[in-house]
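Results of the structural survey
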Amino acid sequence: MTLKQWTMLAALFLPVGANAQEAVPAPSPDAPTQASSAPAGDAQASNNYSFVRYRADYVVRPDAGNVQTEAYEILLKTKAAVEQFSQVRLSYSEKMETLEVLSAYTITADGQRRDVPADRIYTQESYSSAAAAMYADRKVRVVVFPNLAPGTRLVYQTRRTQTQPYFPGYFGLWETFSVFNQYDDARVTLTAPASLPMFVEQRGVQGSIRPKRRGDLAQWEWRYQRATPMPVQNWTAAAWEFSPTIMASTYGDWAQLARAYQAKAGVAAQVTPGIQSLADEITRGISDRRAQADALYRWVTQNIRYVAVYLGNGGLEPNPAQSILDSHYGDCKDHVVILEALLAARGIASTPVLIGAGGGPTLPAIPMLGRFNHAITYVPEFDLYLDSTSAYARFGQLPEGDLGVPVLHTATATLARTPANDGTRNGSGFEVSFRFDADGNLQGQTLQEPREVNEIAMRAAFARLNAQNRERVEESIMASSGFDGSGALTLLGDPQDLVRPFNYRYDFHARDYVDFSVVGGMPLPDAPGGESFRDLYGSTSAERNATPFYCNDNLREERYRLQFPANVPIVAMPRDIDFRNAAGEYQLRWSREGQDLVAEHRLHQRAVRGAQSLCQPEDYPAFRALYQQVRRGFRGQVLYGDLRSVQADL
């Protein structure tokens, strides 16, 4: 199935009126600030806007509570920027901090100042809080800027007062200046008691890691300017990995962060009589301990409704296991707690795991809570990571964002890494057959060959399939494949059954696909319902890539069978391809079995510098060359027809 087809599936299955922002996690307490209230996905906004002036001033108390004052002056250069900044949404934890908008106004291109009316600054529930108020204390302060136009400068100042540190003695500062944005004048200051430990890392900014002493206070100041933003790149890692960045933390090692989390999480996982009774009921008749853990995991995934309140939303103290059981919903921390309690009730030990889901393979040099945005479970007895917030992952499977990333085991206060995101887990493929009749019509079938990452995605996509949207999906698959015909989905298993594998098949037929009355050439048709890698070269359209990027081991295989009518001569088929370089290997094998032609494409992409490292700009040309071979492989054509009917005289 193509990306377009999967997008169609996702759109069909979204609830009516769903807002795409609802699925975007709010940042963790010290997640990297990009000196902007722009959506995270617009980190490569380039010349749409620029920061005329940015100020961030942190004042830290002895208990690590702090006051952060920020001031923005942003020049809107395009209509896209006007749309983007028509309102600024500022998220905060009502339980642990206050947020004030000290001023908000615009300056028109001709110099007129226009203050934002008081009624255009208001507070909303966050999306997660609206779903379950007892678990989420996030609020959103909204500033609506009227009468914007290209050339307008948008100015506002905020003050965020953290009344209670997330952990005892913990403070974190993380500022990133994206290379894709222009900064005319940016400054960050930090003031803290000289007696408070402060570990600082910086890259690409003016300023010193060593503070200035003013009596009992230590003070740091950093400055940054960038006159010309970097052009948008095809591939890029998160901005903090390579852009100018400032980090400061009062914690000296990751173990300290783990112990601080465990001090609260361990108490919450207490086994109550209700938890014990439920664990006994779920595992009744199951003697194998691994099977018991499987049953308990499946019960949590299917019975504790996941409320998307991420690690940084509100307080970091999970709710007690019994209260989660009573309400039957919770966030990621609560999922970990109730699963830990249920496992403990059967004598199976586990530990909470802090994880930066989807965040790449590297960690900051100093402990930053903001690097972790999610919590999952580790069961040492079986050496298994479990993410019970993923309703469609079978026991031992992990969503792609959980694979190959650094994690922090809080019970043992140790760093580790989840199983590699490699071809054994993220690999995919399909087998498709095309049976042509003498009139050029065809019938065919596409059968998926998913590994665990794709199986999880397919379960999620098909879980809400009903008769009405099934018909729309079937029509969309055929239309996007370029066929004049129809097809039907057959589900091979139940997407909600986490015991057995899940897959699907797509049967199709099309009219007048080819004219066998003349000599012609045919490239491999698209596989309806199959996600092909044939168009990968489009992602490397630029000759060079200036930033580091994520690259993981990945295996994709596609097998095509073309069955020609007995009376149609097959003149020629393409040559085989065998290409290797640092980025991976691509093989294409053609074979003939009577009137059947079989083409087998195999692409094995490599993590060039290993699973724990980013790929660098100098690695990009190898991927471009590899994908170019893929493009050539799919350009090949099968030649058919009676050559005696061809006019040879030119």
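Bear in mind the structure is a predicted one, so any value in this text is a computation, not a measurement.

1. A few points about the layout of surface pockets
Taken as a whole, the second largest pocket spans an internal volume of roughly 350 Å³. Around the second largest pocket, the lining is made up of 18 residues, and of these P361, L403, G404, N421 and N552 lie nearest the centre. Along the lines of polarity and charge, the residues of the lining of the second largest pocket split into 8 nonpolar, 7 polar and 3 charged.

2. A word on the state of the cysteines
Scanning the entire structure with this criterion turns up 1 disulfide. Residue C551 pairs covalently with C615 via a disulfide, S to S 1.8 Å. Sign of the S-S torsion, about 75 degrees for the bond between C551 and C615, identifies this disulfide as right-handed. With a gap of 64 residues between them, C551 in the loop between β27 (520-523) and β28 (554-563) and C615 in the loop between β32 (596-605) and α12 (620-635) connect regions that are remote in the sequence. The exposure classification of C551 matches that of C615, with both residues buried.

3. Looking at the sheet that holds strand β29 (residues 570-572)
Ordered by their spatial adjacency, 3 strands build an open sheet running β27-β33-β29, and the pairing between neighbours is antiparallel. The strands lining the two open edges of the sheet, one partner per strand, are β27 and β29. Across the sheet, the mean angle separating the axes of adjacent strands is 40 degrees when strand polarity is ignored. Both β29 and strand β33 (residues 637-640) contribute to a ladder of 2 bridges, which runs antiparallel. Bridge assignment links A572 to a residue of β33, and that residue is L639.

4. Some details on helix α10 (residues 452-462)
Along α10, 9 of the 11 residues are buried, which leaves the element largely enclosed by surrounding structure. Of the positions making up α10, those classed as buried are E452, V453, N454, E455, I456, M458, R459, A461 and F462.

5. Overview of the side chain of E70
With respect to the secondary-structure elements, E70 resides in strand β2 (residues 66-76). Although E70 is buried, it makes no salt bridge; R160 carries the closest opposite charge, 5.4 Å away. At a separation of 3.0 Å, a polar atom in the side chain of E70 contacts the side chain of Q68. A polar atom in the side chain of E70 sits 3.2 Å from the side chain of Y72.

6. Let's talk about helix α6 (residues 289-303)
The terminal C-alpha atoms of α6, which comprises 15 residues, lie 21 Å apart, in line with the 21 Å expected from a rise of 1.5 Å per residue. Those residues of α6 that fall on the buried side of the exposure criterion are Q292, A293, D294, A295, L296, Y297, W299, V300 and T301. Of the surrounding secondary structure, the elements contacted by the buried residues of α6 are α5 (273-282), α7 (321-327), α8 (332-345) and β20 (384-386). The backbone nitrogen of R290 has a side-chain oxygen 3.1 Å away, supplied by the residue at the start of α6, namely D288.

7. A short note on the packing of α5 against α6
Between α5 and α6, the least distance of the axes is 9 Å, while the angle of their chain directions is 115 degrees. Our classification of the angle between α5 and α6 gives roughly perpendicular. Considering only the axes of α5 and α6, their crossing is right-handed. Contact residues: L278, A279 and I282 in α5; A295, L296 and W299 in α6. Residues of the contact of α5 with α6, tallied by class, amount to 6 nonpolar, no polar and no charged.

8. Overview of the pattern of salt bridges
What the rule picks out here adds up to 33 salt bridges. Between D294 and R298 there is a salt bridge; the shortest N-O distance is 3.0 Å. Highlighted residues: D294 and R298, both in helix α6, separated by 4 residues, approximately one helical turn. The residue D331 makes a salt bridge to K333 at a minimum N-O spacing of 2.6 Å. Both residues of the pair, D331 and K333, count as buried. The network of salt bridges with shared partners includes R394, E455 and R459.

9. Re the confidence of the model for the protein chain
Low pLDDT marks regions whose predicted coordinates should not be analysed in detail. Of all residues in the protein chain, 90% attain a pLDDT of 70 or more, and the chain-wide mean is 89. Counted against residues more than four places away or in other chains, residues 35-45, with its pLDDT under 50, gives 30 contacts. Counting contacts from residues 129-135, a segment whose pLDDT is below 50, to residues more than four positions away or on other chains yields 18 contacts.

10. Quick look at unusual backbone geometry
Phi is positive for H328, which is not a glycine, with a value near 65 degrees. Looking at where H328 falls in the secondary structure, it is placed in the loop between α7 and β17 (329-330). Under the relative-accessibility criterion, H328 is labelled partly exposed at 34%. Phi at D383 is positive, roughly 50 degrees, even though this residue is not glycine.

11. What to know about the nonpolar core
In terms of nonpolar packing, the biggest core is built from 52 residues, with F434, Y560, F564 and Y586 touching the most fellow members. Membership of the second largest hydrophobic core comes to 44 residues, among which are Y49, V88, L90 and I246.

12. Observations concerning the environment of T272
Inspection of the secondary structure puts T272 in the loop between α4 (254-268) and α5. Note: C-alpha distance between T272 and P320 (48 residues apart in sequence) is 9.8 Å.

13. A closer look at the packing of aromatic side chains
Ring pairs (aromatic) are described by centroid distance and by the angle formed between their planes. Scanning the entire structure with this criterion turns up 42 aromatic pairs. A ring pair is formed by F51 and Y183, whose centres lie 4.8 Å apart and whose planes are at 10 degrees; its orientation type is stacked. Taken together, the positions of F51 in strand β1 (residues 49-60) and Y183 in strand β10 (residues 182-193) put the pair 132 residues apart, joining distant regions of the chain. According to the relative accessible area criterion, Y183 is buried, its value standing at 1%. Measuring from ring centre to ring centre gives 5.3 Å for F516 and Y640, while their planes differ by 80 degrees; the resulting arrangement is edge-to-face. Placement of the pair is F516 in the loop between β26 (503-510) and β27 and Y640 in strand β33, with a sequence separation of 124 residues. With respect to class, F516 is no different from Y640; both count as buried.

14. Things to note about the sheet that holds strand β24 (residues 442-448)
Pairing within the open sheet is mixed, and its 8 strands lie in the order β25-β26-β24-β23-β28-β32-β31-β30. Two strands bound the open sheet, and with one partner strand each, they are β25 (485-492) and β30 (577-581). Looking at each pair of strands side by side, their axes are set apart by 10 degrees on average, direction ignored. Bridge analysis of strand β23 (residues 428-436) against β28 gives 8 bridges, and the strand direction is parallel. The residue of β28 that forms the bridge with G429 is E557. On the sheet, α10 packs against β23, β24, β25 and β26 and is oriented at approximately 70 degrees with respect to β26. Its contacts with the sheet put α12 on β28, β30, β31 (584-593) and β32, and the angle it makes with β30 is roughly 170 degrees.

15. Description of a nonpolar patch on the surface
A grouping of V519, V571, L639 and L643 is seen on the molecular surface, where their side chains present a nonpolar patch of about 300 Å² in accessible area. Along the polypeptide, L639 turns up in strand β33.

The rules behind these values
- Within any chain, residue numbers begin from 1 and follow the written order of that chain's sequence.
- Reporting in this predicted model follows two pLDDT cut-offs: at least 70 for local features of residues, and 80 or more for side-chain atom pairs to be given and counted; totals over whole chains, interfaces and linings ignore these cut-offs and use all residues.
- Side-chain descriptors were evaluated using all non-hydrogen atoms of the structure, hydrogens and water having been removed beforehand.
- Cavity: a set of points on a 1 Å grid over the protein atoms alone where a 1.4 Å probe fits but cannot get out. Pocket: an open set with protein on both sides within 12 Å along at least five of seven lines, its lining residues, like those of a cavity, having an atom within 4 Å of a point.
- Grid points are joined across faces, edges and corners, and a volume is the space filled by probe spheres set on the points.
- Amino acid classes used here: Ala, Val, Leu, Ile, Met, Phe, Trp, Tyr, Cys and Pro are nonpolar; Asp, Glu, Lys and Arg are charged; the rest, including Gly, are polar.
- Throughout, a disulfide means two cysteine sulfur atoms within 2.5 Å of one another.
- Secondary structure elements follow DSSP: runs of H or I no shorter than four residues count as helices, runs of E no shorter than two count as strands, and numbering proceeds from the N terminus.
- To sort residues, take the accessible area from a 1.4 Å probe on protein chains only and compare it with the maximum for the residue type: under 20% means buried, over 50% means exposed, and anything in between is partly exposed.
- Each pair of strands is called paired provided DSSP finds at least two bridges between the two strands.
- Only the stretch in contact is used when fitting a helix axis, every axis being a line fitted to C-alpha atoms; angles between N-to-C directions are given from 0 to 180 degrees.
- Counted as positive: Lys and Arg. Counted as negative: Asp and Glu, with His and the chain ends omitted from the count.
- By salt bridge we mean one thing: a side-chain nitrogen of Lys or Arg within 4 Å of a carboxyl oxygen of Asp or Glu.
- A 3.5 Å cut-off defines polar contacts: any pair of N or O atoms within that distance qualifies, except that in protein one atom must be a possible hydrogen donor and the other a possible acceptor, and neighbouring residues in sequence count only when both atoms are side-chain atoms.
- Helix span, as expected, comes to 1.5 Å for every residue beyond the first.
- Contacts were defined at the residue level, with two residues in contact if any of their heavy atoms lie within 4.5 Å.
- Working rule for angles: under 35 degrees goes down as roughly parallel, over 145 as roughly antiparallel, 65 to 115 as roughly perpendicular, anything else as oblique.
- Each helix crossing is assigned a hand: it is left-handed if the near helix lies turned anticlockwise from the far helix by less than a right angle, otherwise right-handed if that turn is clockwise.
- By definition, pLDDT measures how confident the predictor is in each residue, and it falls between 0 and 100.
- Only buried residues count toward a nonpolar core, which is a set of Ala, Val, Leu, Ile, Met, Phe, Trp, Tyr and Cys residues joined through side-chain atoms within 4.5 Å.
- In this scheme Phe, Tyr and Trp rings, the latter by its six-membered ring, pair at centre separations within 6.5 Å, and the angle between planes marks the pair as stacked below 30 degrees, edge-to-face above 60, and tilted otherwise.
- Residues forming no salt bridge and having over 30% relative accessible area are the ones grouped into patches, like charges within 9 Å of each other and nonpolar side chains (Val, Leu, Ile, Met, Phe, Trp, Tyr) within 5 Å.
- Calculation of accessible area relied on Shrake-Rupley with a 1.4 Å probe; when residues are assessed, cover is drawn exclusively from the protein chains displayed.

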